[in-house]
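Observations on the model geometry
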Amino acid sequence: MLIIETHDANETRNAGRILAGYLSPGNIICLAGDLGAGKTVFAQGVALGLGVAEPVSSPTFTLVNEYRGRLPFYHMDLYRLETPEALYDLGYEDYFDSDGVVLIEWAERAAGLLPRELLRVEIERAAGDSADAAHRWLRFVPFGPAYENILMRMEKECGC
Ligand code: ADP
Ligand code: MG
């Protein structure tokens, strides 16, 4: 597990950008955290690090947005997912078995349908720290050896 502390949106975006440098085709990142925690900001950083030129915003109504970068980037937001069946309609399994990087906001809505191996990133406002509303904790939890490896390499580079 890797924990990074951020003090503004740029630092959270930068953490996503650094992670992107270690990603390869088929990698899956699940973001957890309340509304406004910074999941989309982190996703923008991942997109930036993958060389996506277009602006990235939350795909709330479409469930998934696709971007072209060094690798294809599939950005999902399942906040409005009402039933798991809607995921089947999306053809979600093809995304999990793809040539790109899949990042999912509100992935817990799809619990049970997710692959066993993935990287979970939990973003939390620092508790009891109302004086600094921009203070966040980013907790990276790897499921599977590929993701443990990514975190080890990332930790070495950023000294975090
Ligand atoms: P989510 O996708 O989790 O609902 P967003 O990324 O859309 O949240 O929004 C996060 C908001 O919080 C943005 O307005 C951003 O500028 C602000 N913010 C303040 N501090 C931080 C921080 N440390 N990391 C990420 N976002 C932050
Ligand atoms: Mg969002």
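The structure presented is a predicted model; accordingly, all values stated were derived computationally and were not measured.

In this sheet, strand β4 (residues 72-77) lies alongside strand β3 (residues 64-68) in antiparallel orientation, the contact comprising five bridges. The partner of Tyr 67 across the bridge, within β4, is Phe 73. If you look at the hairpin formed by β3 and β4, you'll find three residues sitting between the two strands.

Attention now goes to the nonpolar core. With 51 residues, the main nonpolar core has Leu 19, Ile 29, Phe 42, Phe 73, Leu 78, Ile 104 and Phe 140 as its most contacted residues. Beyond its immediate chain neighbours, meaning those up to four positions away, Leu 19 contacts Ile 29, Phe 42, Leu 119, Phe 140, Ile 150 and Met 154.

Taken together, 15 residues form the shell around ligand 1, and within it Thr 12, Gly 36, Lys 39, Thr 40 and Ala 134 come nearest. One of the backbone N or O atoms of Ala 134 is found 2.7 Å from a nitrogen atom in ligand 1. Within the complex, 71% of the 570 Å² of free accessible area of ligand 1 lies under protein. Using a 2 Å cut-off from the grid points, one finds that ligand 1 occupies the largest pocket. For the shell around ligand 1, the elements supplying multiple residues, two or more each, are α1 (9-20) and α2 (39-49). Per-element tally for the shell around ligand 1: the top contributor is α2, with three residues.

Protein coordination of the magnesium ion (ligand 2) is provided by Thr 40 (OG1) and Glu 105 (OE), with donor distances spanning 2.2 Å. Taken together, the residues span a long stretch of sequence, with Thr 40 in helix α2 and Glu 105 in strand β5 (residues 101-105) at a distance of 65 residues. What makes Glu 105 buried here is its relative accessible area of 2%.

Another aspect to go through is the layout of surface pockets. Volume-wise, the largest pocket comes out at about 260 Å³. For the largest pocket, the lining is made up of 20 residues, of which Gly 36, Ala 37, Gly 38, Lys 39 and Thr 40 are closest to its centre. For the lining of the largest pocket, the secondary-structure elements that each account for two or more residues are α1 and α2. Considering every element that reaches the lining of the largest pocket, the biggest residue donor is α2, with three residues. Its residues placed into classes, the lining of the largest pocket shows seven nonpolar, seven polar and six charged.

Cut-offs used in this document
Residues numbered from 1 in each chain as written. Chains lettered and ligands numbered in written order. Predicted model: local features only at pLDDT ≥ 70, side-chain atom pairs only at ≥ 80, totals over all residues. Heavy atoms only, no water. Pairing = 2+ DSSP bridges. Helix = DSSP H or I, 4+ residues; strand = E, 2+ residues; numbered from the N terminus. Core = buried A, V, L, I, M, F, W, Y, C linked by side-chain atoms within 4.5 Å. Buried < 20%, exposed > 50% of the residue type's maximum accessible area, 1.4 Å probe, protein only. Contact = heavy atoms within 4.5 Å. Near = heavy atom within 4 Å. Polar contact = N/O pair within 3.5 Å; in protein donor to acceptor, adjacent residues only side chain to side chain. Areas by Shrake-Rupley, 256 points an atom, 1.4 Å probe, with all protein chains shown as cover. 1 Å grid on protein atoms, 1.4 Å probe; cavity = no way out; pocket = protein on both sides within 12 Å on 5 of 7 lines; lining within 4 Å. Sits in = over half its atoms within 2 Å of the grid points. Donors = N, O, S within 2.8 Å, 3.2 Å for Na, K, Ca; no water. Points joined across faces, edges and corners; volume = space filled by probe spheres on them. Nonpolar A, V, L, I, M, F, W, Y, C, P; charged D, E, K, R; others polar.

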